[in-house]
Amino acid sequence: MDWVYDLFPKLHAAIEGWLRSILPPSIESAGVYIVMGVLSAFLLINVPLILVMVLIYMERRLLGRFQHRLGPNRVGWQGTLQVIADGIKLLTKEDIIPANVDRWVYNLAPVLFAIPVLLVFAVVPFGEEIYLTDLNIGILYIVALTATSTIFVFMAGWASNNKYSLIGAMRSVAQLISYEVPLVLSIVGVVLVVGSLSMREIVDKQSIPFILLQPLGFLVFIVAVSAELNRSPFDLLEAESELVTGYHIEYSGMKFGMFYLVEYIAGLAYSAVITTLFLGGWKGPILPQYVWFVAKVLLVFAVLIWIRATLPRVRIDQIMGFAWKFLFPLALINIFITALEVLLWPEGFPAWLVVVNLGVALGLLVVMQVLFRFPGATRHVVPQALVGRG
Amino acid sequence: MTRLLEARDISAQIEARIPGTTLGVVSGKDPAVLVKPEAVLEICRFLKREPGLEFDFLVAITGVDYIDHLEVVYHLTSLKHNHSVILKTRVYDREKPSVPSVVSVWQGADLQEREVCDLMGIAFVGHPNLKRIMLWEGFQGHPLRKDYL
Amino acid sequence: MAFRTEPITVNFGPQHPSTHGVFRMRVTFDGEVIVDMEPVFGYLHRGSEKLAEERTYTQVITLTDRLDYVASMSNNLAYVLAVEKLCGINPPERAQYIRVIMAELVRIASHLMGLGFLLNDLGAFATPLMYMFREREKIMDLFEMVCGARITFSYMRIGGVAEDLPPEFYPAMTRFLKEMPGYIDEYEALLRENEILLARTKNVGILQPDKAINGSVSGPNLRGSGVPWDLRRADPYEIYDRFEFDLPLGKVGDTYDRFLVRLEEMRQSVRILNQAMEQIPKGPVRASVPMLVRPPIGDAYAHVEAPKGELGFYVVSDNSIAPYRCKIRSPSFINLTVLRDMVLGWKLADMIVIFGSLDVNMGEVDR
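Residues numbered from 1 in each chain as written. Chains lettered and ligands numbered in written order. Predicted model: local features only at pLDDT ≥ 70, side-chain atom pairs only at ≥ 80, totals over all residues. Heavy atoms only, no water.

A.B. asks: Is there a simple way to explain unusual backbone geometry in this structure?
C.D. replies: Peptide bonds are mostly trans, and most non-glycine residues show a negative phi. For A:Asn230, which is not glycine, the phi dihedral falls at a positive 60°. Its place among the elements puts A:Asn230 in the loop between α11 (215–228) and α12 (240–243). (Helix = DSSP H or I, 4+ residues; strand = E, 2+ residues; numbered from the N terminus.)

A.B. asks: Explain the interface of chain C and chain B here, please?
C.D. replies: Counting from both sides, the interface comprises 42 residues of chain C and, opposite them, 45 residues of chain B. Surface buried jointly by chain C and chain B totals about 3,500 Å² across both partners, of which 55% is contributed by carbon and sulfur atoms. Summed over the three residues of chain C that lose the most area to chain B, namely C:Asn214, C:Trp229 and C:Tyr324, the buried surface amounts to 17% of that side. Across the contact surface, chain C and chain B share 5 salt bridges. In this structure, C:Glu38 engages B:Lys131 in a salt bridge whose closest nitrogen and oxygen atoms are separated by 2.8 Å. Counting across the chain C and chain B interface gives 18 residue pairs in polar contact (both at pLDDT 80 or more). Those elements that provide at least two residues to the side of chain C that touches chain B are α1 (48–52), α3 (72–87), α8 (209–214), β6 (298–306), β7 (309–317), β8 (325–329), α12 (331–335) and α15 (362–366) of chain C. Looking at side-chain class alone, the side of chain C that touches chain B contains 19 nonpolar, 8 polar and 15 charged residues. (Contact = heavy atoms within 4.5 Å. Buried area = accessible area lost by both parts, 1.4 Å probe. Salt bridge = Lys/Arg side-chain N within 4 Å of Asp/Glu carboxyl O. Polar contact = N/O pair within 3.5 Å; in protein donor to acceptor, adjacent residues only side chain to side chain. Nonpolar A, V, L, I, M, F, W, Y, C, P; charged D, E, K, R; others polar.)

A.B. asks: Please explain the sheet that holds β6(C) as it appears in this structure.
C.D. replies: Where strands meet in a sheet, backbone hydrogen bonds hold them as pairs that are either parallel or antiparallel. Residue and element names in this part refer to chain C. Read across the sheet, 3 strands follow the order β6-β7-β8 without closing on themselves; strand pairing throughout is antiparallel. Pairing within the sheet leaves two strands with one partner each, and these edge strands are β6 and β8. Pairs of neighbouring strands in the sheet enclose a mean axial angle of 15°, with direction left out of account. Judged from the 5 bridges that link them, β7 and β8 form a sheet pairing that is antiparallel. Bridge pairing links Val-315 to Cys-326 in β8. (Pairing = 2+ DSSP bridges. Axes fitted to C-alpha atoms, helices over the stretch in contact; angles between N-to-C directions.)

A.B. asks: In this structure, what is going on with a negative patch on the surface? I would like to understand it.
C.D. replies: Taken together, the side chains of A:Glu128, A:Glu129, A:Asp134, A:Glu201 and A:Asp204 define an acidic patch exposed on the protein surface. As for its placement among the helices and strands, A:Asp204 is situated in helix α9 (residues 199–204). (Patch = residues over 30% accessible without salt bridge, like charges linked within 9 Å, V, L, I, M, F, W, Y side chains within 5 Å. Areas by Shrake-Rupley, 256 points an atom, 1.4 Å probe, with all protein chains shown as cover. Lys, Arg positive; Asp, Glu negative; His and termini not counted. Charge placed at Lys NZ, Arg CZ, Asp CG, Glu CD.)

A.B. asks: Where do I start with helix α13 (residues 253–278) of chain A in this structure?
C.D. replies: Because an α-helix completes one turn every 3.6 residues, residues spaced three or four positions apart along the sequence face the same direction. All names here are of chain A. The end-to-end C-alpha distance of α13, which contains 26 residues, comes to 37 Å, matching closely the 38 Å that a straight helix rising 1.5 Å per residue would cover. Here α13 lies mainly inside the structure; 21 of its 26 residues are buried. A positive backbone phi angle near 80° is found at Gly-280, which sits one or two residues after α13. (Expected span 1.5 Å × (residues − 1). Buried < 20%, exposed > 50% of the residue type's maximum accessible area, 1.4 Å probe, protein only.)

A.B. asks: I tried to follow the nonpolar core on my own but got confused; where do I start?
C.D. replies: B:Tyr74 and C:Met102 are the most contacted members of the largest nonpolar core, which has 187 residues in total. If one sorts the elements of this core by residue count, helix α4 (residues 93–121) of chain C sits on top with 14 residues. Not counting the four nearest positions on each side in its chain, B:Tyr74 is found in contact with B:Val40, B:Leu58, B:Ala60, B:Ile61, B:Val85, B:Ile86, B:Leu87, B:Thr89, B:Val99, B:Pro100, B:Val102 and B:Phe124. Counting 76 residues, the second-largest nonpolar core is a separate cluster that includes A:Leu55, A:Leu63, A:Phe210 and A:Leu213. (Core = buried A, V, L, I, M, F, W, Y, C linked by side-chain atoms within 4.5 Å.)

A.B. asks: Would you mind going over the interface of chain C and chain A with me for this structure?
C.D. replies: When the parts of a complex come together, some accessible area is lost, and that lost area is often taken as the interface size. If you look at the interface, chain C gives 49 residues, while chain A gives 40 residues. Across the chain C/chain A interface, buried area totals approximately 3,900 Å², and carbon plus sulfur atoms make up 59% of it. Of all residues in chain C, the largest losses of buried area upon contact with chain A belong to C:Phe125, C:Ile196 and C:Lys347, amounting jointly to 16% of the total for that side. Our count for the chain C to chain A interface comes out at 3 salt bridges. A salt bridge links A:Arg171 to C:Glu32; its shortest N-O distance comes to 2.6 Å. For the interface between chain C and chain A, the tally reads 10 residue pairs in polar contact (both at pLDDT 80 or more).

A.B. asks: For this particular structure, what's the right way to read the sheet that holds strand β1 (residues 8–12) of chain C?
C.D. replies: All names here are of chain C. Taken together, the 3 strands give an open sheet; going across it, the order is β1-β2-β3, and neighbouring strands pair in antiparallel fashion. The two strands at the open ends of the sheet, each matched to only one other strand, are β1 and β3 (33–40). The sheet shows a mean angle of 20° between the axes of neighbouring strands, taken without regard to direction. Most of the contacts of helix α14 (residues 348–358) go to strand β2 (residues 24–30), to which it runs at about 150°, and overall it touches β1, β2 and β3.

Read these as geometric descriptors, not functional statements.
Shown next as structure tokens:
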């Protein structure tokens, strides 16, 4: 049974060995490099796509249970093939391009939207030796890439030439400015402890999962991530009950499918990032590393589903207020505390620090709960010049 | 119980205050005060302001087509005193019937007057936004009239 | 380059997830702030009032089912009350009890739906709605036992109700009355203190009491503004004067108050139902009324406190078998009078919530 544990490295070595045996020596090293690179890239694009099908199925079934209903349970065993059926339906659907759209931008947006999210997986370590590349700026690379997806959301919203989608796109930009800051700052704590931006090193250093050492950073990060992923309660740019579906309202068929898919891939990517940063990545007893990793990712995503099923949506000014007045100070305090701790115990933290950190986090949350209020109801004065123009 | 005020008393009170505007009482299950159409606004204002009456709640405005005349019925209630009164007015001009609008007295008349105007074809003079409401612009005729088939 | 902004006009509806049917709002936004709003009606106009003039008095009952289709029993009741007033018919006591039981059950069902969709408008992805449908389903089962239908009941008749309660109704009703308070507590525990819900609804869309009265607003919306006006109390029709119940009132008149008033009204309805099930006497359920009713010439107006507000029927008779004129005073329609003033100056998301908190039903608005 040992082969289960190092399945991927063995496979890699086997293919590489076979390649070396058939290629002429003159192009051997270049050929192996290219073929192995293409194979890995192929795997990295397709493994997330398969995992996404699991996520979609999981989300729909879990939401169903949360909402007192069954969820899809007819296609295949317990509805497992529902996702494939939906995919076939989307692929065979008529692709409608509305008359007044900006064609180039409209058609490009769903395709480009997928690129940054898929690129994230290049640095995600699925196991100790299962990763495409170990960038020494790994986490920075991820943050930088995913922030660009807002551009493609805006492209879609603008090109659709629809007012709902335009409002949705505008909201996405406004939202980005507010949640991206605490998102990045909450990572800084982890980076301070590890002393490196490399994803592999971050996992390596986690003898205690950082969720225990950095509870505050974890909370801020997961909240900011649900804003980044446009998931409830921060799904303002889709806002079913307000903007119908927001920026992708005019897309149909597989173009809509792309948006839908990419949202889940982003969900997967960020669940993987949370797993890596805070849950100890591939680490875990008995089971193979990649199984542990996927299990943790699914667990994180289940939490996101749970949040989605529970909370109502916040308003645009409330998400900004929440990000700047609640998450931002907490992230700063977290950096300060972590920096202090790193100075005091440069050789590694004692175990009792976990209790202290949890206590500090709890205390700060209570204090913020008292201090912070959501921006309440504000009725704007309507300029008389504008009344009656509609 | 909401007390339906004696129509005769109300009629007398209106006549005493604004002479020459009432036309007596319509008897029936619920006796109603019959008033002249052109005085509706003034009477409504009086009924709303007069201490002891204070009809602050406009329940309903109804248009009825009696073929020889069109009738507009106002059901008024006072939440303060828990009493009510019914006001009726008759318009005999079927071509261009018009009654003053009471939107300035009760905002609640806004949509109801538009509806009566749309379906019964009675113009409410002084209404801020008298357009068709249920039917579309350009619709011919007024469906609730008896001669509309 | 100087920035120039301009307001945009967006069409909400007639097909939109949170217009509760086919309502349409033409809204002008300055950014996210509403500077103008014009409601557009009539997408569900079926001419019920005209249709009623072509049907016999009994047949009109089926038309009333289709007004507020989530609370058909109240519509039936208001209409038969108006005709009975016109004819001078007194239904037997048992029939009156059954009517009250049905009206209160339907009030719970309607409030459940109203609250569920309000939460949906707030963006709580269908979870509260599904929880509330769980109980509504039980009420629908009760109605199915009584009259065989789940939405369009046509259960009331002039002079009583169509049929007596079936024997299986009693245990099911007892179980429902025992379970329901717990469920209402559950909703309250889940929703009342929710931080986001509070932030989204408190002080949003305040309707001052004087404005509400002047705008002819009725029902839970009026009581949410703190006006103690309930026709069950102010003008007790049927046998409402025999029951003890409180009038839940709002303090500020905001969306949150309207939400709480509806929640509390369900409790009061359960209270009334408990009393009614205890007091209900034996006896006939229908007065002897001819198949074709020919009321004497005249007119009559009768109203009930429907779940959405004051529902009234103004029926004019010319001593024929069909009403000469049958006007429907629909609460949903008239409650919308104040909508424009309520939403001006609020943000897009607030507008949806304010509209949802008025709890209108398009079947009743357009008739």
